[in-house]
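What follows is each chain in one-letter form.
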Amino acid sequence: MAADGGRAALPCAFSPKSQQFLALCAQDGRLRIWNTDSKTLQQEYVPSAHLSSACTCVTWGPCRAVQEVPQRKRRKCEAGSAPELSDLLALGTAAGSILIYSTVKGDLHCTLEGGHSGPVNSVQWHPEDSVLYSGSDDTHIAEWDLQTGKVRCKWKADRSAVSSLCISPDGKLLLSAGMTIKMWNLETKEVYRKFTGHSTMVTTLCFATTRPPDSNGMYFLSGAAHDRLLSVWYVRSDGKDKNSVVSFTLTDEPQHIDLQTSNCKDEPVRLAVVCKDGQLHLFEHFLNGPCKKPLSPVCSLQVSTMKGDSPVPVPLLAAALRADRQNLMLAYGHHLQPVMEKTPFNTSERHICLVRDVHGTLSLSVDTAVSKVRLFFDFEKLRLQFIDLTDCVTTEDICTSSLQTDSFAVLLVQGLESNDQRILAKIFQTKKEMLIKNTVARLPPQAVLPLLEELSRRLQGHPFAALLIVQWFKAVLTQHTSYLSSLPDLVSQLGSIYHMIESRVKLYQQLTRLHGKLYLLMTQVATNNSAKNVDNISHKAKLVYEEESSDEDEDSRDEGCPEDDSDNWEEDEAAMELTEDKKNHKDEEDDEEDDMNDESKANGDSDLDPENESEEE
């Protein structure tokens, strides 16, 4: 039985019993289902809102039949017989919804919404009834009816977030955990037991036995964040079960657990734990009472690959115990293309190191003949379209074209995962502040740290490129402040960036002073040059214009040629003198006329009209 890993780990789980399939949710929200027998990609599904609501947990359904969900609650489901629960996957999302995916149909079976207001941290199937239980950050537990797709019951579990759930093999009890562990009676929804002992958030819960608590043989184990111990709790019928009875020692906090339960006291519990450091630890213990000292693993396994002459550790993603108790199913390497291997193990050896050529094994072929692969985004086609567009248009044209913010976010995540420098270079050339802000806001939290590492590397390059990179830094630090502040090793991760920026601005004041002095000097030089140009100005007129006194002279001057102006100066002066004499003579005649009129007025002649004069005559 696979338990929920820590929230820092990628959600992954082997299919029950046969371990034929491995379901793994990538950082960009894609669900990949790998066939462990053929080592090929069986199916791939990308939810429509995978960037804004990434997958937080994944759980396979138990091996039994369930009634078909009604048509109005299904999404693109085909009519037919009732599906097997072992063919269904429950995916909890950061948006509070639960996706039920069918591996038979290769599509979404149904969506459970409206039960939680916060991210779903754990999902558990009931072993018998058509019921699903989910725990969320909103401190509530929801009981879902898979026949109707609605919440059957919902209750408050704790004052803090519900980080993990586990149902007893008989389906009568439910374990929930946040900072404390509570055991609920599913019939009455009341607390049956309460356990305290972890100082951090509990991330793993697992029943270790199939015996009921009345037989004084029920055990379960728990693991917490930043805790290197797995605690085993004994559920007693008298209620005197306050402390853990057994502890298992680990090298780091647990991320993935697979357990083979004990059906009787003479049968040991077998446990496979994958830690955060990538190591696998195997435990085997008879649960028949308390044990004072922490138990060490009977065997520890590490996968490594040769890089030059020295081995390099390869992190394990998940591990499962085979039913034959002689073999292990391992998944290791990169989550985009994990390596799956069935290997025997011998507990007589305390430490096992498997040397594998991971780089050669990563060239796994993807099963392209599977017709049930459902993709909402064709990443490769989108990448090629992006490269073709960038070859013929500028970045501004791309920003204003059909490649909107969602496409940039998808391309950025793909570029970070595949380390495609061509895609990253084109994206980081974007100058629009709003586009950068919206793209960073749509990134999943798992892509924030890889983005900061890539920005830090590019910041060390040419200063002109740093002008664009700083805008991305600002967007990441403002949009994902809460996520970054929750990281325990934030100082070490951002320390190099801080020292780099501090070294670059260290000489800023000196450069500013130098810039001011150079500005004053260049201004003075420019002023002196302008003063010299003023002294060299010639005061001699290059053109003299005289306004003419007569229009006739002006017309005659216009008709004449410029060469004749100098020869006709004397003629013009003589004409002007003659005109003035005529004018003076005319003025004298007018004066004499006025004098005669005055004399006639004085003699009374002005009263007579010319007609009267003619009558008198």
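Residues numbered from 1 in each chain as written. Predicted model: local features only at pLDDT ≥ 70, side-chain atom pairs only at ≥ 80, totals over all residues. Heavy atoms only, no water.

We count it as follows: UniProt positions are given in the numbering used here, feature names are shortened, and annotations may be inferred rather than shown by experiment.
Per an unreviewed UniProt entry, the recorded name for the protein chain is WD repeat domain 43, and the organism is Cyprinus carpio. In its Subcellular location (unreviewed entry) section, the UniProt record describing the protein chain reads: "Nucleus". The UniProt entry for the protein chain carries the following text under Sequence similarities (unreviewed entry): "Belongs to the UTP5 family."

Section: the overall build of the protein chain
Basically, it comes down to this: By the criteria applied, helices consist of DSSP H or I runs no shorter than four residues and strands consist of E runs no shorter than two, each listed in order from the N terminus. Buried, partly exposed and exposed residues are distinguished by accessible area as a fraction of the type maximum, computed with a 1.4 Å probe on protein chains only: under 20%, between the cut-offs, and over 50%, respectively. Any pair of residues with heavy atoms lying within 4.5 Å of one another is described as a contacting pair. Note on areas: Shrake-Rupley, 1.4 Å probe, and residue coverage restricted to the protein chains presented here.
What the protein chain contains, in helices and strands, is 14 helices and 30 strands. Across the 617 residues in the protein chain, those meeting the buried criterion constitute 44%. Residue pairs in contact within the protein chain that sit at least 24 positions apart in sequence constitute 54% of those at least 6 positions apart. As presented, the protein chain carries roughly 33,900 Å² of accessible surface, and 51% of it is formed by carbon and sulfur atoms.

Some details on the pattern of salt bridges
For clarity, the threshold we go by: Whenever a carboxyl oxygen of Asp or Glu lies within 4 Å of a side-chain nitrogen of Lys or Arg, that contact is scored as a salt bridge.
By the definition in use, this model includes eight salt bridges. Of the charged contacts, one joins Arg356 and Glu341 as a salt bridge, the two residues approaching to 2.7 Å between their closest N and O atoms. Taken as a pair, Arg356 in the loop between strand 30 (351-355) and helix 1 (358-361) and Glu341 in strand 29 (residues 339-344) lie far apart in primary sequence, 15 residues in all. Looking at Arg356, the relative accessible area reads 25%, which means it is partly exposed. When the shortest N-O distance is used, the salt bridge between Glu454 and Arg458 registers 2.9 Å. In this pair, Glu454 and Arg458 both sit in helix 7 (residues 448-459), four residues apart, roughly one turn of the helix. Owing to a relative accessible area of 8%, Glu454 belongs among the buried residues under this scheme.

Here we look at unusual backbone geometry
A positive phi is found at Gln19, a non-glycine position, where the angle reads about 50°. Looking at the secondary structure, you find Gln19 in the loop between strand 2 (12-14) and strand 3 (21-25). Accessibility expressed as a relative area gives 7% for Gln19, which makes it buried. Notably, His226 is not glycine yet its phi reads approximately 60°, a positive angle. Looking at the element boundaries, His226 is found in the loop between strand 19 (218-224) and strand 20 (229-235).

Topic: the packing of aromatic side chains
Which entries qualify depends on this criterion: Each Phe, Tyr or Trp ring (for Trp, its six-membered ring) is paired with any other whose centre lies within 6.5 Å, and the angle between the two planes then decides the class: stacked below 30 degrees, edge-to-face above 60, tilted in between. For a ring to carry a charge above it, either NZ of a lysine or CZ of an arginine must fall within 6 Å of the ring centroid while also lying within 35 degrees of the normal to the ring plane.
What the rule picks out here adds up to nine aromatic pairs. One aromatic cluster is present, built from ring pairs that chain together Phe195, Phe207, Phe220 and Trp233. The ring of Tyr192 carries Arg193 above its face, with NZ or CZ at 4.4 Å from the centroid.

Quick look at a nonpolar patch on the surface
Using the following cut-off: Nonpolar side chains (Val, Leu, Ile, Met, Phe, Trp, Tyr) are joined into patches within 5 Å and like charges within 9 Å, using only residues with over 30% relative accessible area and no salt bridge.
On the surface, a nonpolar cluster with roughly 550 Å² of combined accessible area is contributed by Leu507, Leu511, Leu514, Leu518, Leu521 and Val525. Summarising the element assignment, Leu507 is placed in the loop between helix 10 (490-505) and helix 11 (508-535).

Comments concerning helix 7
Formally: What a helix is expected to span follows from its residue count: subtract one and scale by 1.5 Å.
A rise of 1.5 Å per residue sets the reference length of helix 7, with its twelve residues, at 16 Å; its end C-alpha atoms lie 16 Å apart and thus fit the reference within 8%. Within helix 7, nine of the twelve residues are buried, which leaves it mostly tucked inside the rest of the structure. Looking at helix 7, one finds that the buried residues are Val448, Leu449, Leu451, Leu452, Glu454, Leu455, Ser456, Arg458 and Leu459.

So, the nonpolar core
Note the following rule: In this text, buried Ala, Val, Leu, Ile, Met, Phe, Trp, Tyr and Cys residues form a nonpolar core when linked through side-chain atoms within 4.5 Å.
Residues Leu412, Phe428, Leu451, Leu452, Leu455 and Trp472 are the most contacted members of the largest nonpolar core, which totals 30 residues. Among the elements of the structure, helix 4 (405-418), helix 5 (421-428), helix 6 (433-441), helix 7, helix 8 (463-479) and helix 10 are those that each provide at least two residues to this core. Here Leu412 is in contact with Leu424, Ile427, Phe428, Thr439, Leu443, Leu451 and Trp472, once residues within four sequence places are set aside. Counting 20 residues, the second largest nonpolar core, distinct from the first, contains Tyr219, Leu221, Phe248 and Phe283.

Concerning the packing of helix 5 against helix 7
Here is the rule: Note on definitions: angles span 0 to 180 degrees between N-to-C directions of axes, and those axes are lines fitted to C-alpha atoms, for helices only across the stretch in contact. Oblique is the label for every angle not falling under 35 degrees (roughly parallel), over 145 degrees (roughly antiparallel), or within 65 to 115 degrees (roughly perpendicular). Polar here means any residue outside two lists: the nonpolar Ala, Val, Leu, Ile, Met, Phe, Trp, Tyr, Cys and Pro, and the charged Asp, Glu, Lys and Arg; Gly therefore counts as polar.
Between helix 5 and helix 7, whose axes approach to 13 Å, the crossing angle comes to 80°. One finds that helix 5 runs roughly perpendicular with respect to helix 7. Across from Gln421, Leu424, Ala425 and Phe428 in helix 5, the residues of helix 7 making contact are Leu451, Glu454, Leu455, Arg457 and Arg458. In terms of residue class, the contact of helix 5 with helix 7 is built from five nonpolar, one polar and three charged.

Considering the confidence of the model for the protein chain
Which entries qualify depends on this criterion: Note: pLDDT gives the predictor's confidence per residue, expressed from 0 to 100.
Residues of the protein chain with pLDDT of at least 70 account for 71%, and the chain-wide mean is 76. Contacts of residues 1-7 to residues separated by more than four positions or lying in other chains number 30 contacts, the stretch itself having pLDDT below 50. Between residues 560-566, whose pLDDT stays under 50, and residues either more than four places distant or in other chains, the model counts zero contacts.

Examining the sheet that holds strand 29
Defined as follows: If DSSP finds at least two bridges between two strands, the strands pair.
Spatial strand order, 27-28-29: three strands in an open sheet with antiparallel pairing. Every interior strand has two partners, whereas the edge strands, strand 27 (316-321) and strand 29, have only one. Pairs of neighbouring strands in the sheet enclose a mean axial angle of 20°, with direction left out of account. Two strands pair when backbone bridges link them, and strand 27 and strand 28 (residues 327-332) are joined in this way by five bridges, in the antiparallel orientation. Bridging across to strand 28, Ala318 finds its partner in Ala331.

Describing the sheet that holds strand 7 (residues 88-93)
Pairing within the open sheet is antiparallel, and its four strands lie in the order 6-7-8-9. Looking at the sheet topology across the chains shown, the edges are occupied by strand 6 (55-60) and strand 9 (107-112). Each adjacent strand pair in this sheet contributes to an overall mean axis angle of 25°, direction not counted.

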